[in-house]
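Coordinate analysis (summary)
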Amino acid sequence: MAVKKATAELALPLNEILAGDCIEIMEGLPAASVDLIFADPPYNLQLKGELHRPDNSRVDAVDDHWDQFSGFAAYDDFTRRWLKAAKRLLKPNGAIWVIGSYHNVFRLGAELQNQGYWILNDVVWRKSNPMPNFRGKRLTNAHETLIWASRSENSKYTFNYEALKAMNEGVQMRSDWVIPLCTGHERLKDENGDKAHPTQKPEALLHRVLLGTTNPGDVVLDPFFGTGTTGAVAKMLGRNFIGIEREESYRKAATERLARVRRLDAAALEVTGSKRAEPRVPFGQVVERGMLRPGEELWSVGSRFKAKVRADGTLVGNDIKGSIHQVGAAFERAPSCNGWTYWHFKRDGKLIPIDILRQQIRAEMEADGARPN
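First, a word on what this report is: a plain description of the structure on this page. (Residues numbered from 1 in each chain as written. Predicted model: local features only at pLDDT ≥ 70, side-chain atom pairs only at ≥ 80, totals over all residues. Heavy atoms only, no water.)

This paragraph deals with the packing of helix α5 (residues 203-213) against helix α6 (residues 229-236). It is at 9 Å that the axes of α5 and α6 come closest, and there the two elements cross at 55°. Classified by the angle their axes make, α5 and α6 are oblique. For the pair α5 and α6, the crossing hand works out as right-handed. Of the residues in α6, those in contact with Glu203, Leu206, His207 and Leu210 of α5 are Thr229, Thr230, Ala232, Val233, Ala234 and Met236. Among the residues forming the contact of α5 with α6, the class breakdown is 6 nonpolar, 3 polar and 1 charged. (Axes fitted to C-alpha atoms, helices over the stretch in contact; angles between N-to-C directions. Helix = DSSP H or I, 4+ residues; strand = E, 2+ residues; numbered from the N terminus. Parallel < 35°, antiparallel > 145°, perpendicular 65-115°, else oblique. Left-handed = near helix turned anticlockwise from the far one by under 90°. Contact = heavy atoms within 4.5 Å. Nonpolar A, V, L, I, M, F, W, Y, C, P; charged D, E, K, R; others polar.)

The backbone of Glu169 sits at a positive phi, close to 60°, despite the residue not being glycine. For Glu169, the position within the fold is in the loop between α4 (161-167) and β7 (176-178). The class of Glu169 is exposed, set by a relative accessible area of 76%. The phi dihedral of Asp348 is positive, around 55°, even though this residue is not glycine. Looking at the secondary structure, you find Asp348 in the loop between β14 (344-347) and β15 (350-353). (Buried < 20%, exposed > 50% of the residue type's maximum accessible area, 1.4 Å probe, protein only.)

All right, on to the packing of aromatic side chains then. One pass over the structure, following the stated rule, counts 13 aromatic pairs. Consider the rings of Phe159 and Tyr161, whose centres lie 6.1 Å apart with planes at 65°: the pair is edge-to-face. Residue classification places Phe159 among the partly exposed residues on the basis of a relative accessible area of 39%. The partly exposed category is assigned to Tyr161, whose relative accessible area is 29%. Taking the centre distance of 4.7 Å and the plane angle of 5° together, the rings of Phe305 and Phe331 count as stacked. Residue Phe305 is found in the loop between β10 (297-299) and β11 (306-309), and its partner Phe331 is found in helix α10 (residues 324-332); the two are separated by 26 residues along the sequence. Given the relative accessible area of 9%, Phe331 is considered buried. An aromatic cluster of three or more residues is present, and its members are Trp97, Trp148, Tyr157, Phe159, Tyr161 and Trp177. (Phe/Tyr/Trp six-rings, centres within 6.5 Å; stacked < 30°, edge-to-face > 60°.)

Here it is, written out as structure tokens:
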């Protein structure tokens with residue numbers, strides 16, 4: 001894995017780790033060249049003294065120099081500068097994820113809005129195995145917050161809704177994610193057996209972010225690369241990454257880690273797509289192809305209502321006339337209805353959803369190279 005030094009003018013260095021200050025390097029990269037940014041900036045934890053467990057053993061907390069600022073004003077200035085540099089790199093339809101704790105996430109959110117980013121969601125990452133509160137003076141801090149924002153209000157950002165729904169066993173993905181801390185075999189260690197990085201993020205978290213908000217081949221930038229979780233998941237999922245990291249020990253750990261990652265094959269990278277992207281099939285095509293005949297009866301879910309197919313692809317039932325959607329909505333006294341899943345036809349005494357016929361037509365269209373309307 002190549003590691004490059006910051007230069008005045010950098011071409012887009014795909015799948016590389018850049019050594020140096022993230023603001024300086026981002027200012028030297030081509031504008032509007034990145035699809036997504038995932039940023040895990042310093043949290044500015046403001047730790048005062050060492051933290052110990054009840055048995056007096058020392059907690060390996062974040063007390064590194066890179067997380068220390070002289071005050072809120074210095075941290076806010078740093079946040080303003082790196083977010084400005086990041087926004088310049090995003091494509092018009094690009095987006096950004098930032099993650100933080102209660103120490104800094106509110107300041108991050110305010111600055112995102114100050115700079116014209118458009119906040120889409122805040123996501124609560126609830127840790128299933130959080131570190132206890134050893135002093136017993138506060139609630140156990142069991143979550144971190146991610147903010148997902150598009151470059152602007154008008155950005156047509158990527159959101160693979162169906163893929164995330166499929167990952168969640170067919171249920172719409174919510175904004176609270178229960179994922180364990182990075183532990184066990186995934187936790188990188190240095191030559192002394194200590195944590196290679198104090199705040200290494202779990203790959204499961206990045207998998208969900210990249211699967212849901214990028215596509216294969218997209219460019220993902222991580223300006224606080226650390227030990228390379230973003231790069232490892234991006235490589236596995238067929239995305240390109242750019243990492244920026246100023247600490248040599250983290251770059252070394254990330255380089256070794258990335259060398260062990262294998263990219264998934266093309267078939268494995270495919271995800272469930274949106275039904276809106278599938279070719280449009282009017283119900284009239286089902287009738288004109290003879291898959292259903294005029295006068296044939298259709299039955300609602302549960303066989304509570306029935307209607308007859310008309311020659312023009314509309315239905316009539318109980319003096320209600322209209323499309324498969326309109327008649328279904330009228331029967332149910334609902335504002336809308338998906339007629340494709342609501343209506344069924346009978347074959348051999350069994351009720352079969354008419355959507356089966358639509359899928360047959362779509363399969364023929366795709367085989368012939370048809371594209372969505």
